[in-house]
Amino acid sequence: MSNAESEKVVSVSSRGQATIPKEFREELGIETPGRVKFVRTDEGEIVVRPIQSVTDLRGVLAGKTDDEGRSGTELLQEERERDRANEEALRECYAGDDEADT
C-alpha cells in the first residue's frame, strides 16, 4: 500500500451492510441516502465508485438472466411486443366507436 492510500476498517452487519466512512463519502461525493457500485479491477481489487447519473448504471445487469435464461434486453423486447399487441387490440376494439357516435 502506498503512502497516498488510506484505509479504514469497518464492520459488516448480519445483513451484509457496511458503513462507508464519512471522509471517504465526502471525498467521493457520495450523498446519503445514495447508491454506489462495487467494481472488481483487473488486479482483483474491489473499488467503490459513486453513482452520479443513470448512465453510471449501464452494464450493471450485463450477463444476468431471469429463471428462464432471458436477458434484460430480451425481457424488455418481450414487454414492448406485448404493449404493441395490447395497443393494437384496443385500436381494433374501439375503431368503429367513432363512426357509431355520429
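Structure: see above.
Owing to the predicted nature of the structure, the values given are computational and were not obtained by experimental measurement.

Enquirer: I keep staring at the environment of S6 and nothing clicks. Help me out?
Expert: Turning to its location among the elements, S6 is positioned in the segment before α1 (22-28). Sequence separation between S6 and F24 is 18 residues, and the spatial gap between their C-alpha atoms is 9.6 Å. Excluding residues that lie within four positions of it along the chain, S6 makes contacts with E23 and F24.

Enquirer: Before we go on, may I ask you to explain the pattern of salt bridges in this structure?
Expert: Note that side chains of opposite charge can pair when their charged atoms are close. Considering all chains together, one arrives at 8 salt bridges under this definition. The partner of K22 in a salt bridge is E26, and the shortest N-O contact between them spans 3.8 Å. In this pair, K22 and E26 are both assigned in helix α1, 4 residues apart and thus about one turn of the helix distant. Judged on exposure class, the residue K22 and its partner E26 are both exposed. Where R70 meets E78, a salt bridge forms, and the shortest distance between an N and an O atom there is 2.8 Å. Taking the relative accessible area as the measure of exposure, R70 reaches 23% and is therefore partly exposed. In this structure, a network of salt bridges that share partners links the residues D66, E68, R70 and E78.

What counts, and where the lines are drawn
- Residues numbered from 1 in each chain as written.
- Predicted model: local features only at pLDDT ≥ 70, side-chain atom pairs only at ≥ 80, totals over all residues.
- Heavy atoms only, no water.
- Helix = DSSP H or I, 4+ residues; strand = E, 2+ residues; numbered from the N terminus.
- Contact = heavy atoms within 4.5 Å.
- Salt bridge = Lys/Arg side-chain N within 4 Å of Asp/Glu carboxyl O.
- Buried < 20%, exposed > 50% of the residue type's maximum accessible area, 1.4 Å probe, protein only.

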